[in-house]
Each structure stands twice: as C-alpha cells, then as structure tokens.
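# Architecture and fold: a report
The chain contents come next:
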Amino acid sequence: MEKRKVGVLGGGQLGRMLIEAANRLNIQVNVLDIDKSPAKQISSHDGHITGSFKDAKKVKELAESSDVVTVEIEHVDTQMLEEVSKDVVVEPSWNTLRIIKDKFAQKEYLKEHSIAVAESLDLEGKADGDQALRDVGREFGYPFMLKSKTEAYDGKGNFAVMTEEDVPAAIKSLGARPLYAEKWADFKMELAVMVVKTKDGVLTFPTVETVHEDSICKLTYAPPRGVERATQTRAQELAKKAIAAFEGKGVFGVEMFLLKDDSLVVNEIAPRPHNSGHYTIEACKISQYQAHLRAILDIPIVPEGLELIQPSIMLNILGGQTTDSHEKIASLALEKTTASVHLYGKGDARPGRKMGHITLLASTMAEAERQIQPLIDAVDNQKG
Ligand code: ATP
Ligand code: MG
Ligand code: MG
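Not measured: the values here are computed from a predicted model.

## Considerations on the sheet that holds strand β3 (residues 49–50)
The strand order β3-β2-β1-β4-β5 describes an open sheet built from 5 strands, whose pairing is parallel. Each having just a single partner strand, β3 and β5 (89–90) make up the two edges of the open sheet. In the sheet, strand β1 (residues 6–9) pairs with strand β4 (residues 68–71) via 4 bridges, with the strands oriented parallel. Each bridged residue has a counterpart across the sheet, and for Val-8 the counterpart in β4 is Thr-70.

So, in structure tokens, the structure goes:
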C-alpha cells in the first residue's frame, strides 16, 4: 500500500514505538542511530544508517534513502535538514525544529504568537554568571528555575535555585551551557496535550495530568484527576493554538502548567511523539505514533480515533538501584495486573534512565488508581 520510506533521526524508545505503528501498515522506517538501538531491534531491512543524528553527513545519507524525514528527538542538525529539504520532505519543518530545540527561542516565539508562557530572562553572554543569577533572584524572587536553552531532557538542563545560597551550585552545575532563567510557576497541576498537525488542520488527543518527580515524568493520568471538563477543553484549545503557530506536520507534545488561579501557561513543546502520549497506544484507537505517521504521510485520521476509550494511567519504569530493578517492576505488573507492559530494549539500566512503561486501563479512574498503586509503591521502593 504505502511505498514511501520514512527516515527517522534517532532510534530510542520513541522511534521504537513509531516502528511498532509503522510495521502494521507495511511502512518501511529507516533509522539513523547506533546499531542495535531500540528502534532498529524491531525492524529488519537494509535501509538503516549507522551513526549519529547530530552528524550532518549521516543526516544527508538518511535523506537520500528516504521520502519523508522525521525525528524522534529535537536535538538534531537542523542546518543539514534545511539543506536536504530541497530534495526530500522534512516533517515537521526544519525551521520548527530549529526554533523548538532552543527552549528560550521557543518561548520567545510562543510569546510573539500570544501564547502564555512563564516569564523568562536571557542569561547567555553575561560575563559574571554569579552576579547575573543574583540579579534574577532580585527580579523574580526565589525560587526560580535556571534552564539550559539546548540539549535539555528529563530535567537534565534544569536547576531549581531555591535561595541565593544555591547560586554557586547552580553555576557549577549548568554554567558551561547557554542559559536562561524562568520565573517559578506555582502550579497546582501539570497538564499535557498531544496535538496532531495534518495537511488539513490541527487535531488533539485528550488532556492528561502529568506528575513529574525530580523533573522526570513519572505518571500520566487520562483524564486529569479533579479537573473540570471546561479546563480540559481550554488546555486542548491552548495546545492547538500553540501548535498552529508552527510550520509542518506531525504530532507535538504540549506541556502546560495549570496555575492556582486556573489559568494555563505553556511549559514547553516537543515536536514529536512524547512521553505524555504513551497512554494513547492502549487508551485511544489511534495512538500518537500511528497519528504521527499518518500526519506526515497524509494518510487519513478520523478524529474520533483520538478519543479516550477508558480512563488510563501510565507509569514510567526508570532504571533503579540495581541493573535489573526495572525488570522486577515489569514482572510485578505482569503477575498482578492486566496492564500493558512496554520494555524498550535499552540494555544497561542506569538510575533514572527510561527503561520502559506500564499503561493500565480501567472502567473508572478510581479503579485504575487502585490497581496501579502496588506498582507505584514498588517504583518508590526501588528508589530507596
Ligand atoms: P522534558 O524531558 O519534558 O523535555 P525538560 O528537561 O525539557 O523536560 P522542563 O519541561 O523544562 O524540562 O521541566 C521539567 C519539569 O520541571 C517540569 O515538568 C516541571 O515539573 C518543572 N519545572 C520546569 N519549569 C518550571 C518552572 N518555571 N516553575 C516550576 N517548575 C518548573
Ligand atoms: Mg524538554
Ligand atoms: Mg518537559
């Protein structure tokens, strides 16, 4: 049916789940990453490229062997993507990737398009970092969040500056990176919406609640607990408006803060499938991965396919204190629950590394919470 080949920069867990979706439609996906990366493990053909998605030469090679190029990570060489976009379709657009991969540029762009974001201050090029941070403290008050503009994921790139005493430690931790500071968002909950941008417009998946621990996503709840339907709709509308401002097709993750006064601000955008959309594999008829492929290839998406089938909870399985802690959590889930277990084939576990996830569906959120509690307890125990 589909003869076009998709090239993807990055072969981690998101690439792997994208391939699970592609395999069902006989779509060949060429992966650029190291050999035996999670995505390549489940995809046997001659089209994969060995190398780094930051390597311009390799990106060019991938483009030459693909019809549509996409990403599972935004920290890529957008210079080369711009160049190859003359000969091959790049989705979402290289320009969108370039703006989003720099979190400060991303937020400036959102502000220009009248999307509410946390207030921020540029710190790049300030000669005296120590003094610059103390100035931020005076302007924003404490705590504030120090953030790396680039190469940030799973909180690696964030430092919460709680008091003026933290300034030297913050500089020590992030001082070598391009920085900006963000006003503390005193949120009552974090929400996220996966948005699908197609040739015809912008669609959304449901609003979910995300719970982060140590700046890493731990849980998602779909629907969010105790949030009025009207607020959920507002989050979807804000997410749609934010993504409509960018060029290109595909799925986008929009992370938001629900503030104490019920207003919403965008935290950040991911130009690709996202952790907060894993639940869609089981909880929606069309998953975020399926939706991404269809959007970039102009394959139809019936909007009802993005609706929630049942309340669901997704729990991330991170590497723990021992190399097999994550496998123990997976075994427990298989033994005690009807949840779907996903392991990513990453090999060695490091503490905090995303090794897999579990999605549990039930007829009510209360029932889902009851069933998943032993697994949350096990995750908390493994952290010690
Ligand atoms: P991801 O893995 O989602 O790309 P990241 O490393 O880019 O994450 P952020 O999304 O900026 O990091 O922040 C991670 C978490 O830190 C947020 O989900 C939130 O819990 C907290 N956080 C970030 N910015 C702020 C802020 N301005 N005020 C309060 N908390 C914040
Ligand atoms: Mg991020
Ligand atoms: Mg984030």
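Here the narrative resumes, following the displayed structure.
## What to know about the coordination of the magnesium ion (ligand 3)
At the metal site, the magnesium ion (ligand 3) is ligated by Glu-255 (OE) and Glu-268 (OE), and these contacts range over 2.0 to 2.1 Å. Between the magnesium ion (ligand 3) and the magnesium ion (ligand 2), both coordinated by Glu-268, there is a metal-metal distance of 3.8 Å. You can see Glu-255 sitting in strand β13 (residues 250–259) and its partner Glu-268 sitting in strand β14 (residues 264–270), a full 13 residues away along the chain.

## Points about the site of ligand 1
Taken together, the neighbourhood of ligand 1 is formed by 20 residues, with Lys-103, Asp-154, Gly-155, Glu-190 and Glu-268 sitting nearest. The contact in question runs from a nitrogen atom of ligand 1 to an N or O atom on the side chain of Glu-182, over 3.0 Å. A distance of 3.3 Å separates an oxygen atom of ligand 1 from a polar atom in the side chain of Ser-215. Relative to its free-state accessible area of 630 Å², ligand 1 is covered by the protein chains to the extent of 94%. Mapped by element, the contributors of at least two residues to the shell around ligand 1 are β7 (144–148), β9 (179–183), β10 (187–197), β13 and β14. Counted by class, the shell around ligand 1 contains 6 nonpolar, 6 polar and 8 charged residues.

## Thoughts on the sheet that holds strand β12 (residues 216–222)
Taken in spatial order, the 8 strands of this open sheet run β14-β13-β10-β11-β12-β15-β17-β16, and their pairing is antiparallel. Only two strands of the sheet have a single partner each, and these edge strands are β14 and β16 (340–343). Mean inter-strand twist for the sheet, computed between neighbouring axes without regard to direction, equals 25°. Note that strand β11 (residues 202–213) and β12 share 5 bridges and pair antiparallel. Paired with Val-211 across the bridge in β12 is Leu-219.

## Focus: the confidence of the model for the protein
On average, residues of the protein carry a pLDDT of 96, and 100% of them reach 70 or more. Here the predicted complex carries an ipTM of 0.98, next to a pTM of 0.97.

Rules of the game
- Residues numbered from 1 in each chain as written.
- Chains lettered and ligands numbered in written order.
- Predicted model: local features only at pLDDT ≥ 70, side-chain atom pairs only at ≥ 80, totals over all residues.
- Heavy atoms only, no water.
- Pairing = 2+ DSSP bridges.
- Helix = DSSP H or I, 4+ residues; strand = E, 2+ residues; numbered from the N terminus.
- Donors = N, O, S within 2.8 Å, 3.2 Å for Na, K, Ca; no water.
- Near = heavy atom within 4 Å.
- Polar contact = N/O pair within 3.5 Å; in protein donor to acceptor, adjacent residues only side chain to side chain.
- Areas by Shrake-Rupley, 256 points an atom, 1.4 Å probe, with all protein chains shown as cover.
- Nonpolar A, V, L, I, M, F, W, Y, C, P; charged D, E, K, R; others polar.
- Axes fitted to C-alpha atoms, helices over the stretch in contact; angles between N-to-C directions.
- pLDDT = per-residue confidence, 0-100.

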